[in-house]
Amino acid sequence: MQRAVPQDFSRVLSSMCTEPHPAAREAAVRFLATNPGDPATYQSVAEVEREVVAALGEMTGLPDAHGYVASGGTEANVQAVRAARNRARDEWSTPPETPNVVAPESVHFSFRKAADVLGVELRTVPVDDDYRADLDAVRASVDSETVLVVGVAGSTEYGRVDPIPELATIAHDAGVDNRAFLHVDAAWGGFALPFTDHAWNFAHADVDTMTIDPHKMGQAVVPAGGFLARDRATLDALAVDTPYLESTSQATLTGTRSGAGVASAAAAMEALWPDGYREQFEVSTASAEWLANALADRGFAVVDPELPLVAASIPDPLFDALRDAGWRISRTSAGELRVVCMPHVTRETLRRFVADVDSFSSA
Ligand SMILES: *Cc1c(COP(=O)(O)O)cnc(C)c1O
């Protein structure tokens, strides 16, 4: 361990995480030994967490946001499924026997974990030609046992945004005397979408819950995910009594958790919202367009980037050569090269990458 060094970011092109903002790093160190899992004991970090939730609410069109800083998008998505399941169980006149969740096939794999842990059925439905949830397919799949419909706002593979308002309508009309929830997974896209024309947030549609992660484009340290809910009752549906703590109930999935993520999220958002994030979004978008054009010019089939994420079909030997040269790249499930233009992915980095593409193509 003594000689181990952390991954340096100079050739990391596939990660959805990035180097934290300096203020986020500093705040993380200061709050490392706090535990927001016990807010009555660790009061100052609990106050900081309330500020983060309020700030995330402001970013997402929800002035009175309820929620907390989760360990990541996975926990937030599990909690969204759990809250919808619990509220249906406790509030519907005919509780579902086997609750189901309807989501596009582009949904993040964390929902598979959620379904497995919570005993709900995950129904994934096809996407359209542009990788967005196919509304007819969603409509055909919801039924009287559907507790949750999921829309992705910034999909992991192609950066696509599902038609959120239409999905909300489908969710809320699903049952006869009950109402399925609409969850928006903006884990990655949430810090970019405020600077676009997309309809994705609580003000644009009757969204019930949302995942939005400060530890991705928010430039906070890991772990800092975000879970937001429109209603207090949704958070209450997650709470259990906590006999031995100073606090009396806990809605999070984790128990003890680091205050580092919470404090770093607050510091990053204070430093960057909104101008710093807007600037970063514009730079990253320009980089993604530059890379998409560079790859298209070389004859590769490119999926037009909508958010700063580029997917392109390149031959297997080229992909392997790039990996061997130290580029940290990944593939979509269809096999395309996937490059996420996170803040550490500069234009200079991309120039060096394309130079390697050229030299390995001609080799
Ligand atoms: C990254 C991501 C997740 C999972 O978040 P973790 O922080 O890795 O747990 C969920 N949904 C989407 C859309 C993501 O991009």
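Just so it is clear, the model here is predicted, and its values are computed rather than measured.

**Digging into the environment of Asp-208**
For Asp-208, the position within the fold is in the loop between strand 5 (181–185) and strand 6 (209–211). The spatial distance from the C-alpha of Asp-208 to the C-alpha of Arg-3 is 47 Å, given a sequence separation of 205 residues. Excluding residues within four positions of it along the chain, Asp-208 makes contact with His-172, Arg-179, Ala-180, Phe-181, Leu-182, Phe-202, Leu-228, Ala-229 and Arg-230. A polar contact of 2.9 Å, which involves the side chain of Asp-208, links it to the side chain of His-172.

**Overview of the nonpolar core**
In a soluble, globular protein the nonpolar side chains are often hidden away together inside. One finds Val-138 and Leu-182 to be the most contacted residues of the largest nonpolar core, which totals 62 residues. If you list the elements that add at least two residues to this core, you get helix 1 (22–30), helix 2 (43–59), helix 5 (135–141), helix 6 (164–172), strand 5, helix 8 (259–272) and helix 9 (275–297). Counting residues per element, this core draws most heavily on helix 8, at eight residues. Mapping this core onto the domain boundaries places at least three of its residues in each of domain 1 (22–272) and domain 2 (275–362).

**What about the packing of helix 10 (residues 316–324) against helix 11 (residues 347–362)?**
With their axes 10 Å apart at the nearest point, helix 10 and helix 11 run at an angle of 125° to one another. Here helix 10 lies oblique to helix 11, going by the angle between them. The two elements helix 10 and helix 11 meet at a crossing, and its hand is right-handed. Every residue of helix 11 that contacts helix 10 at Leu-318, Ala-321 and Leu-322 is listed here: Phe-353, Asp-356, Val-357, Phe-360 and Ser-361. Of the residues in the contact of helix 10 with helix 11, the class split is six nonpolar, one polar and one charged.

**A word on the domain arrangement of the chain**
Note on interface size: it is often stated as the accessible area lost on association of the parts. What the domain assignment lists for the chain is domain 1 (22–272) and domain 2 (275–362). Here the C-alpha centroids of domain 1 and domain 2 sit 29 Å apart. With 26 residues of domain 1 in contact, the opposing surface of domain 2 contributes 22 residues. The junction of domain 1 with domain 2 conceals about 1900 Å² of combined surface from both sides, 62% of it contributed by carbon and sulfur atoms. Linking domain 1 with domain 2 are two salt bridges.

**A word on helix 3 (residues 73–91)**
Between its first and last C-alpha, helix 3 extends 26 Å over 19 residues, near the 27 Å set by a 1.5 Å rise per residue. Among the 19 residues of helix 3, 14 are classified as buried, and the element is accordingly described as predominantly covered.

**Describing the site of the ligand**
Surrounding the ligand, one finds 14 residues, the nearest of these being Gly-73, Thr-74, Asp-185, His-215 and Lys-216. Between the ligand and Thr-156, the relevant distance is 3.5 Å, taken from an oxygen atom to a side-chain nitrogen or oxygen of the residue. Residue Asp-185 places a side-chain N or O atom 2.6 Å away from a nitrogen atom belonging to the ligand. Protein chains shield 86% of the accessible area of the ligand, which is 380 Å² for the free molecule. For the shell around the ligand, the element with the most residues is helix 3, which contributes three residues. Classifying every residue of the shell around the ligand by side-chain character gives three nonpolar, eight polar and three charged.

**As for helix 2**
With 17 residues, helix 2 should cover 24 Å at 1.5 Å per step; its first-to-last C-alpha distance of 25 Å lies within 8% of that length. Taken together, the buried positions of helix 2 are Val-45, Ala-46, Val-48, Glu-49, Val-52, Val-53, Leu-56, Gly-57 and Met-59. Contacts from the buried residues of helix 2 go to strand 1 (66–70), strand 7 (225–229) and helix 8. Once helix 2 finishes, Gly-61 follows within two positions and takes phi at roughly 75°, a positive value.

**Looking at the side chain of Thr-242**
Note that Thr-242 resides in the loop between strand 8 (240–241) and strand 9 (249–250). By relative accessible area, which is 11% here, Thr-242 ends up buried. With residues near it in sequence (within four places) discarded, Thr-242 still touches Ser-247, Thr-248, Ser-249 and Gln-250.

Rules behind the numbers
- Residues numbered from 1 in each chain as written.
- Predicted model: local features only at pLDDT ≥ 70, side-chain atom pairs only at ≥ 80, totals over all residues.
- Heavy atoms only, no water.
- Helix = DSSP H or I, 4+ residues; strand = E, 2+ residues; numbered from the N terminus.
- Contact = heavy atoms within 4.5 Å.
- Polar contact = N/O pair within 3.5 Å; in protein donor to acceptor, adjacent residues only side chain to side chain.
- Core = buried A, V, L, I, M, F, W, Y, C linked by side-chain atoms within 4.5 Å.
- Buried < 20%, exposed > 50% of the residue type's maximum accessible area, 1.4 Å probe, protein only.
- Domains from an automatic or database assignment.
- Axes fitted to C-alpha atoms, helices over the stretch in contact; angles between N-to-C directions.
- Parallel < 35°, antiparallel > 145°, perpendicular 65-115°, else oblique.
- Left-handed = near helix turned anticlockwise from the far one by under 90°.
- Nonpolar A, V, L, I, M, F, W, Y, C, P; charged D, E, K, R; others polar.
- Buried area = accessible area lost by both parts, 1.4 Å probe.
- Salt bridge = Lys/Arg side-chain N within 4 Å of Asp/Glu carboxyl O.
- Expected span 1.5 Å × (residues − 1).
- Near = heavy atom within 4 Å.
- Areas by Shrake-Rupley, 256 points an atom, 1.4 Å probe, with all protein chains shown as cover.

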